[in-house]
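Coordinate inspection notes
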Amino acid sequence: MLGFLINHGVLFVAAFVAAMLWAAATAAFFEPFNVSYDHRAIIIGGKRRMLISSGIHYPRATPDMWPGLIAKSKEGGADVIQTYVFWNGHEPVRGQYNFQGRYDLVKFAKFIGSQGLFLHLRIGPYVCAEWNFGGFPVWLRDIPGIIFRTKNKPFEDEMQRFVKKIVDLMKQEMLFSWQGGPIILLQIENEYGNIEGHYGQGGKDYVKWAADMALSLGAGVPWVMCRQTDAPENIIDSCNAFYCDGFRPNSYSKPALWTEDWNGWFASWGGRVPHRPVQDNAFAVARFFQRGGSYHNYYMFFGGTNFGRTAGGPLQTTSYDYDAPIDEYGLLTQPKWGHLKDLHAAIKLCEPALVAVDDGPQYVKLGPMQEAHVYASEFVDTSKSVSENVSICSAFLANIDEQKTVTVNIFGGTYTLPPWSVSILPNCIHTAFNTAKVTSQTSIKTIESASPSYSNATKHGHVVLYNKNTLFSNKWVTFQEPIGAWGNNSFTAQGIFEHLNVTKDISDYLWYSTRLNITKEDLAFWEEEGILPMLTINKTRDMVQVFVNGRLSASKVGNWIPVKQPIHLVEGSNDLVLLSETVGLQNYGAFLEKDGAGFRGEMKLSGFRNGDVNLSNFLWTYQVGLMGEHTKLYSPENQEDADWKDLQLDSVPSSFTWYKTTFDAPGGDDPVALDLGSMGKGQVWVNGHGIGRYWTLIAPENGCSKYCDYRGTYHESKCTTNCGLPTQSWYHIPREWLQASNNLLVIFEETGGNPLLISLKVHATETICGHVSENDYPPLSAWFNPNLINNKNTINNVAPEMLLRCDDNHIISDITFASYGTPTGSCQSFSLGKCHSESSLSVVTEACQGRNSCTISVSNSVFGDPCRRIAKSLAVEAKCAPVKLSSITQKLENPTTKDI
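Attention in this report is confined to the structure presented alongside it. (Residues numbered from 1 in each chain as written. Predicted model: local features only at pLDDT ≥ 70, side-chain atom pairs only at ≥ 80, totals over all residues. Heavy atoms only, no water.)

Scanning the model with the defined rule gives 41 salt bridges in all. Across the salt bridge formed by glutamate 173 and lysine 110, the nearest N and O atoms sit 3.0 Å from each other. Taken together, the residues span a long stretch of sequence, with glutamate 173 in the loop between helix H5 (153-172) and strand S9 (183-188) and lysine 110 in helix H4 (residues 105-114) at a distance of 63 residues. Note on glutamate 173: relative accessible area 24%, which makes it partly exposed. Through salt bridges with shared partners, a single network forms among Arg49, Asp79, Lys348 and Glu351. (Salt bridge = Lys/Arg side-chain N within 4 Å of Asp/Glu carboxyl O. Helix = DSSP H or I, 4+ residues; strand = E, 2+ residues; numbered from the N terminus. Buried < 20%, exposed > 50% of the residue type's maximum accessible area, 1.4 Å probe, protein only.)

With respect to the element layout, serine 421 can be found in strand S20 (residues 421-425). What makes serine 421 buried here is its relative accessible area of 0%. Not counting residues within four places of it along the chain, the set of residues in contact with serine 421 comprises Phe283, Leu397, Ala398, Asn399, Asn434, Thr435 and Ala436. (Contact = heavy atoms within 4.5 Å.)

For the rest of this paragraph, the subject is the nonpolar core. Membership of the largest hydrophobic core comes to 143 residues, with the highest contact counts inside it found for Leu121, Met170, Trp223, Leu343 and Ile424. Ranked by residues supplied to this core, first place goes to helix H8 (residues 336-356) with eleven residues. Setting aside residues no more than four positions away along its own chain, isoleucine 424 makes contact with Ala286, Leu343, Ala346, Ile347, Cys350, Ala395, Phe396, His430, Thr431, Ala432 and Phe433. With 29 residues, the next largest nonpolar core counts Tyr731, Ile733, Ile747 and Ile758 among its residues. (Core = buried A, V, L, I, M, F, W, Y, C linked by side-chain atoms within 4.5 Å.)

On to the state of the cysteines. Scanning the model with the defined rule gives eight disulfides in all. The side chain of cysteine 806 participates in a disulfide bridge whose partner is cysteine 880; the two sulfur atoms lie 2.0 Å from each other. With the S-S bond torsion at -80°, the cross-link from cysteine 806 to cysteine 880 turns out left-handed. Residue cysteine 806 is found in the loop between strand S43 (801-805) and strand S44 (810-821), and its partner cysteine 880 is found in strand S46 (residues 873-882); the two are separated by 74 residues along the sequence. With respect to class, cysteine 806 is no different from cysteine 880; both count as buried. The residue that forms a disulfide with cysteine 835 is cysteine 867, at a sulfur-sulfur distance of 1.8 Å. An S-S torsion of about -80° defines the bridge between cysteine 835 and cysteine 867 as left-handed. You can see cysteine 835 sitting in the loop between S44 and helix H13 (840-848) and its partner cysteine 867 sitting in the loop between helix H14 (860-863) and S46, a full 32 residues away along the chain. Comparing cysteine 835 with cysteine 867 shows no difference in burial state: the two are buried. For cysteine 128, which is in no disulfide, the shortest distance to another cysteine sulfur is to cysteine 226 and amounts to 9.7 Å. Take cysteine 128: its relative accessible area is 8%, and that puts it in the buried class. Cysteine cysteine 350 remains unbridged, with the sulfur of cysteine 428 as its closest cysteine sulfur at 8.2 Å. (Disulfide = S-S within 2.5 Å.)

Quick look at the structure:
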């Protein structure tokens, strides 16, 4: 795919950039260096470092996406990329390994090294991660005598074999730091301390065994155990939480590491969508470094997508967006990304002071809920300005009051601290950044239809796409999935078998079928008593659907919930079919090998004259999966063998139906989404690739608020959206999986959706806004100017700046609002105040229109002074549009626009 990147009037060919990145990824990355640590920090090549890490899980993106995600992480201030290693993805069958496509861990690591970043590899091999079965391969539970994550030889043997496989692979590919590679840290186990108590002494022994095993592999870099307070002396224990500023490792010899800063949260089907305000996230990070932290990782910096059946359970969504700074599609989420980028720059300015202080910073009480931590090369008298003799000095001023703005005195000056915020002073004089003051742009993203609206469709039964001014339409065809046993691979046995023992997780679906004989006397008794026979199941998960004589009678969703359902039976033979469905295997908790799925306890049919009928002892016929799965109806190679039939309009909606059509890809490079809001529950494939499960379960009507207050301790239910709406309606189709035309779309629908209303959409930032005051801080970039570093006071003379930026391959097409003065309102609702510079629109238009990004100085020298002695600000709203080659050429031929 050929695209264009526009930045300050320079044209790059995207394919050339990708090729260069891959060429770099196959070369050497660093001069070999050693990694160690002391009580203060990770030591890289003999130097203490303050490290910012970006969490990215390689299988939740595609290889074509990896370079861009890594580049945006680096631009955002990351030094490190952190990822889990997914055992069940790499070894789906025991002894058969997969390191291809989305699971090409080596390629991912080399991309990281090629961009000059480090890698923290969390091997686990248990990962949790809201990933199917916590990353364990399901075949593991079939090994005789196995108990996961305790002193158990069958488990230890398998775990050691896989961990050694990964370490040896990384050595073979020369990817450790001492080989010139990017890997600086490894992790063994994962949050085991949360469940260790369930295993007694076996758990304690297992922790020591896991540590000794990891160290015996000779990786040559430090190992980490997160949430493990009893981690052995030669393993670093670390913190996972929303806040870790109070965390201290279990030994003075270890630094404070924050392996998971939950800057968002995952969503579950039928639930609200969580969000974490960036002001609170920045506050937590600043507090961590203020109080002695040295390594911090965002979980997640990019969340991505649970493609196929990789989502964990129970009931976790296909989207793993996680409210991350880079969204599921690879686009920047603003202001989160930009505000955190500025935070990282401010922390980096303090790094010389942070690494120089050995025993801890000076602590200064500034008020009842206000405090300062000062990092300096020597003792500082904080009651007066810092002496010129102090070569290094940085300070963090915190106000942990949730309501009040407070003015504090320190260094001979006064500093105003908003509630729940930290101000960072890289030189112990000037404030470079405050966590509560967001000056980064706001981006409003849209999922735009790649086709005309439904009302413009020419006829039913087509996916309509608008591509290069041509209307394409492709007819739907269907295949009806049989209910119950369908193949010669079914089998019959007495009793109720556990779901996973039968399916081995090759499918979500397991059919249980039996036959009941009902007499005239039974029917007479029910009529006489005015009752129906009652099907009772002690416990079931995640979903069960009940069919009687081929018709759906009931369905239940839940995690080990009881089922009590009246059913209609007729005289003679009755077919009772139960469809047990998993929606992501359990990914967290003790004794995962025992969790299973399907049914537990007694199953019976009550309401008979002579008592209950115990169905648990009946003969049942078992069928794993769907006929459409078995024949691979979704595969492009299998289409000629499939018995597809034209969609009949009177059959819509229909349950247990496969639908197929073809479509042309939307033009341009914008990420693509499939709108499945009209469907029910099922799975979807594009060109044979599993896009994931879909489900239009509705979130509760209440629990969301229009205003999210960042102040105060965050929890995953604090700031949520989507009340009264489906948890997820849009599903990511990676561009890498699309061809220009004739793309195969196959959907399996369980509950009865309407494919006629499915549409293809493109995801992009449409509106960008900025609001910056002349009293805001100078841009962080100014602090890296050598002239300003040498003269500490000249930073006061640098005006604040507004930075506006569209997505890659987009330009600012129109300025819809611009006012320097006293504008009011917020993004998409700005209005003029009493004070307004008439030159605002022309200045901003000249600086920005037709460009991918622009920077505008917020000062009277640019806009004039429309009202003296009044603090002024600049508010701008602009539209972004995809790049057109003609507009690029014109801009390059007439490069008159300059940053102001």
